[in-house]
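Residue strings, one per chain:
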Amino acid sequence: MSLWNPDADHALRVLHDVPGGDPAADLMGGIRLLSDVRDGLAPATLRLYRPDPTMAFGQRDVRLPGYELAVEKSREHGFAPVVRKAGGRAAAYHRGTVILDHVEPAGEAMLGHQQRFQVLGELYAGALRRGGIDARVGAIPGEYCPGDFSVHGLPGEPSPTRHAVKLVGTAQRVISGAWLFSSVFVIEDSAPIRAVLDDVYQAMEIEMDPASVGAADDLVPGYTVELFTEHLLAEYALHAGVLGG
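The sections below set out a description of the structure shown in this document. Numbering of residues begins from 1 in every chain and follows the order in which that chain's sequence is written. Per-residue local features of the predicted model are confined to residues with pLDDT of at least 70, and side-chain atom pairs are confined, for both listing and counting, to 80 or more; whole-chain, interface and lining totals are unaffected and use all residues. Derived side-chain values reflect all non-hydrogen atoms in the structure, with water molecules and hydrogen atoms excluded from consideration.

A word on unusual backbone geometry
Trans peptide bonds make up most of the peptide bonds, and negative phi angles are found at most residues other than glycine. A positive phi angle is found at Cys 145, which is not glycine, with a value near 40 degrees. By secondary structure assignment, the location of Cys 145 is in the loop between β7 (134-137) and β8 (151-154). Positive phi, close to 60 degrees, is recorded for Glu 205, a residue that is not glycine. Comment: elements are numbered from the N terminus, with helices defined as DSSP H or I runs of at least four residues and strands as E runs of at least two. Following the sequence through the fold, Glu 205 ends up in the loop between α4 (191-204) and α5 (216-219).

Comments concerning the nonpolar core
To form a nonpolar core, buried Ala, Val, Leu, Ile, Met, Phe, Trp, Tyr and Cys residues must be joined to one another through side-chain atoms within 4.5 Å. Throughout this description, buried means an accessible area under 20% of the type-specific maximum (1.4 Å probe, protein chains only), exposed means over 50%, and partly exposed covers the range between. Ranked by internal contacts, the top residues of the largest apolar core, which has 38 residues, are Tyr 124, Leu 128, Leu 232 and Tyr 236. Among the secondary structure elements, those contributing two or more residues to this core are β1 (12-16), β2 (45-49), β6 (97-105), α3 (113-129), β9 (165-175), β10 (178-186), α5 and α6 (225-237). A total of eight residues in this core trace back to one element, the largest contributor, which is α3. Contacts were defined at the residue level, with two residues in contact if any of their heavy atoms lie within 4.5 Å. Not counting residues within four places of it along the chain, the set of residues in contact with Leu 232 comprises Leu 48, Leu 100, Leu 123, Tyr 124, Ala 127 and Phe 185.

Observations concerning the pairing of strand β4 (residues 80-83)
Where strand β3 (residues 54-57) and β4 come together, four bridges link them in parallel fashion. Bridge pairing in β4 links Phe 57 to Val 83. Between β3 and its parallel partner β4, the chain crosses via helix α2 (residues 67-76), and the hand of that crossover is right-handed. Whether two strands pair depends on DSSP finding at least two bridges between them. Call a crossover right-handed when, viewed with both strands pointing away from you, the route from the first strand across the helix to the second goes clockwise.

Looking at the layout of surface pockets
Taken as a whole, the largest pocket holds about 270 Å³ of empty space. Taken together, 18 residues form the lining of the largest pocket, with Gly 88, Phe 117, Pro 146, Gly 147 and Thr 170 sitting closest to its centre. Secondary structure elements with two or more residues in the lining of the largest pocket: α3 and β9. At five residues, β9 tops the list of elements feeding residues into the lining of the largest pocket. Each residue gets one label: Ala, Val, Leu, Ile, Met, Phe, Trp, Tyr, Cys and Pro are nonpolar, Asp, Glu, Lys and Arg are charged, and the others, such as Gly, are polar. Across the lining of the largest pocket, the residue classes tally to five nonpolar, nine polar and four charged. Cavities and pockets were defined on a 1 Å grid built over protein atoms only: a cavity is a set of grid points that admits a 1.4 Å probe from which the probe cannot escape, a pocket is an open set flanked by protein on both sides within 12 Å along at least five of seven lines, and lining residues are those with an atom within 4 Å of any such point. Grid points are joined across faces, edges and corners, and a volume is the space filled by probe spheres set on the points.

Notes on the pattern of salt bridges
A carboxyl oxygen of Asp or Glu within 4 Å of a side-chain nitrogen of Lys or Arg is what we treat as a salt bridge. The final tally for this structure, using the stated rule, is ten salt bridges. One salt bridge in this structure joins Arg 130 and Glu 235, with 2.6 Å as the shortest N-O distance. Linking Arg 130 in the loop between α3 and β7 with Glu 235 in helix α6, this pair joins segments that are 105 residues apart in sequence. On the basis of relative accessibility, which here comes to 38%, the residue Arg 130 falls in the partly exposed class. With relative accessibility at 12%, the residue Glu 235 sits in the buried group. Across the pair Arg 194 and Asp 218 runs a salt bridge, and its minimum N-O distance is 3.9 Å. Here Arg 194 is found in helix α4, whereas its partner Asp 218 is found in helix α5, with 24 residues between them in sequence. The class for Asp 218 is partly exposed, based on a relative accessible area of 37%. One connected set of salt bridges, linked through shared partners, spans Asp 17, Arg 47 and Asp 101.

The following block contains the structure:
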């Protein structure tokens, strides 16, 4: 039993994946894992990887008049454009981020759909707090790919010129027999992400405040992907068995 899956009686395998040079294929890795878990070919899994520079568009973005221009802007910044199957708006990531695909079997996968957003969002905020970051769950004004259960970080010294920044975006895909909870954690080097998102959102004529784009190391200098990964798995281990971390 876990906070996010009351029927669970299994541990979570940790899979540290390596990008294969094809961001679309890397993105589809989570979808393949979802099918494998449903079919009993793979156990409940936490799949972690540091992606190559990618601009992941949402399904709604593709229908916008400015989508093709946004794709061009992504490429100009060196971010490969892909379209993800999970919901949301455009999100950017690179080697300074961590992607987590949390996949579990479930007889009634839609049950607890909304609760997973809240519970796992709080877990991810707890992982960031281990690194000294004032992390909280909830949307912030002007954020990219907005969501009620985004995780944001607050600066150590509140100031009119210092803003809360989005650090974690989450999305979910549910099929009969299993669910995939996919998250992007922005840990290092926010400047390229901020620049590409600004151009992409302007191209699609979607309001977005570039000041809302940040990384964990903007708030705690020196914080690294490696350290965050340790904190994340330690937080998971409080609530479930973790194998191979």
